[in-house]
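Breakdown of the fold
Here's the letter readout for the chains.
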Amino acid sequence: MGAEVVVEGLSKSFGRQPIWRDVTLTLPPGEVSVLLGPSGTGKSVFLKSMIGLLKPDKGSCTVDGTDIVRCSERRLYDTRKLFGVLFQDGALFGSMNLYDNVAFPLREHTKKSETEVRGIVLEKLDMTGLSGAEDKLPGEISGGMRKRAGLARALVLDPEIILCDEPDSGLDPVRTAYISQLLVDLNAQIDATILIVTHNINVARTVPDNIGMLFRKELVMFGPREVLLTSDEPVVEQFLNGRVRGPIGMSEEKDSAQMALEEARAAAGHHDGSVDDVRGVVPQLQPTPGLPERRGVRRRKDRVMSILHTLPPEARRGITDSLTDEDRLRYGLGGHADVGAGPADPAAPTAPSNGRAAGIDALAPPR
Ligand SMILES: Nc1ncnc2c1ncn2[C@@H]1O[C@H](COP(=O)(O)OP(=O)(O)OP(=O)(O)O)[C@@H](O)[C@H]1O
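Summary of the structure given here. Model, not experiment: these values are computed from the prediction.

Thresholds applied
Residues numbered from 1 in each chain as written. Predicted model: local features only at pLDDT ≥ 70, side-chain atom pairs only at ≥ 80, totals over all residues. Heavy atoms only, no water. Helix = DSSP H or I, 4+ residues; strand = E, 2+ residues; numbered from the N terminus. Contact = heavy atoms within 4.5 Å. Axes fitted to C-alpha atoms, helices over the stretch in contact; angles between N-to-C directions. Parallel < 35°, antiparallel > 145°, perpendicular 65-115°, else oblique. Left-handed = near helix turned anticlockwise from the far one by under 90°. Nonpolar A, V, L, I, M, F, W, Y, C, P; charged D, E, K, R; others polar. Salt bridge = Lys/Arg side-chain N within 4 Å of Asp/Glu carboxyl O. Buried < 20%, exposed > 50% of the residue type's maximum accessible area, 1.4 Å probe, protein only. Pairing = 2+ DSSP bridges.

With respect to the element layout, Asn 97 can be found in the loop between strand 6 (83-86) and helix 3 (98-109). When sequence neighbours within four positions are dropped, the list of residues in contact with Asn 97 reads Glu 134, Asp 135, Lys 136 and Leu 137.

Next up, the structure:
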């Protein structure tokens with residue numbers, strides 16, 4: 001099973017420029033999470049901070065008992081081996097063929113024989129659909145293939161956590177669909193914890209178990225996919241619908257006068273360029289038939305059902321609608337009409353103005 005990653009109160013600035021502050025979230029073991037946010041909100045900085053390539057000013061990021069922010073160099077080196085990272089451009093060595101690129105971490109970090117290296121490299125190239133392309137140079141293959149080669153290389157040390165920085169950037173919608181399917185299939189095969197940074201609305205809607213969103217130098221929300229997909233938090237709604245109207249402006253935040261102007265234009269019938277509003281829980285991508293089931297699905301159901309009463313009604317409905325009859329028995333639920341549609345637990349704290357609600361950015365059940 002993949003490792004849990006617990007981020008608490010993490011803040012990062014460069015000189016006097018704060019990037020984000022007080023980020024708290026838990027990546028549940030073996031689940032797939034997506035981090036969204038307008039350009040420049042510090043998503044890549046967040047990924048780099050998680051593996052200790054950048055040093056946050058405050059807070060902690062704990063993996064397997066080690067706080068990446070404060071541990072020794074030696075400990076950091078060892079803990080980093082738990083991570084496989086797919087950088088935005090694939091970060092392949094241009095002068096090495098795909099075989100040598102993928103073999104590189106094994107030759108650098110292990111004492112495996114070339115025969116063992118060969119077995120692993122060919123297996124990972126096969127998993128990522130690159131069998132037969134071993135001799136190609138990165139410059140000779142398509143962007144989608146380069147991403148998959150970067151992913152194959154991220155897999156060779158059997159990571160417990162995979163971080164993917166915009167795996168879809170520069171890809172057409174079909175190649176993006178393939179890479180989405182590949183990530184879900186990999187999760188089914190190796191049960192790793194996965195965090196994907198993306199701008200792609202389809203990826204965000206269909207791939208992850210959990211979604212988070214960075215905006216205004218804060219983590220606006222992080223929680224089960226059903227919470228964000230049904231959220232009426234303006235920034236989340238605007239982003240998931242790719243709309244001009246809303247708090248996100250051309251270069252980050254809009255002022256209230258501009259927002260009021262846009263609202264007035266919309267009320268007068270001006271179309272803002274988005275497709276029809278899409279809201280609600282769409283089906284999640286499943287592993288390709290023939291692959292094992294994702295083990296994270298059962299763990300997630302148990303976890304989400306344990307915080308169900310703290311979630312907003314629409315999210316609860318989305319979650320309970322996806323339960324099978326067997327699940328309903330397991331969680332002691334009756335028919336569809338009995339669950340999910342009622343008001344949120346009156347005892348649960350209500351969402352504060354930043355859009356967080358109980359159970360939303362506190363994903364993990366009490367430890
Ligand atoms: N090493 C660095 N030194 C100084 N500033 C940096 C450094 N790395 C990133 N930044 C700044 O941090 C901010 C966030 O950058 P980052 O690349 O993390 O954004 P992002 O959300 O990933 O953007 P995009 O979606 O466009 O990739 C930017 O203003 C960037 O200029």
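Below, the discussion takes up the packing of helix 3 against helix 5 (residues 143-155). Relative to each other, helix 3 and helix 5 sit at 30°, their axes nearing to 7 Å. Between helix 3 and helix 5, the interaxial angle falls into the category roughly parallel. For the pair helix 3 and helix 5, the sense of crossing is right-handed. Contact with helix 3, carried on its side by Leu 98, Asn 101, Val 102 and Pro 105, involves Ala 149, Ala 152 and Arg 153 of helix 5 and no other residues of that element. Residues of the contact of helix 3 with helix 5, tallied by class, amount to 5 nonpolar, 1 polar and 1 charged.

Here we take up the pattern of salt bridges. With the rule as written, the count across this model stands at 15 salt bridges. Notably, a salt bridge pairs Lys 301 with Asp 327, separated by 2.7 Å at the nearest N-O pair. Taken together, the residues span a long stretch of sequence, with Lys 301 in helix 11 (residues 295-306) and Asp 327 in helix 13 (residues 325-330) at a distance of 26 residues. Among the residues examined, Asp 327 registers a relative accessible area of 1% and is labelled buried.

Moving on, we get to the pairing of strand 6. Burial along strand 6 is two-sided: the face carrying Phe 83 and Val 85 and the face carrying Gly 84 and Leu 86 are both buried. Sheet topology note: the strand 6/strand 7 (residues 161-165) ladder contains 4 bridges and is parallel. Bridged to Phe 83 within strand 7 is Ile 161.

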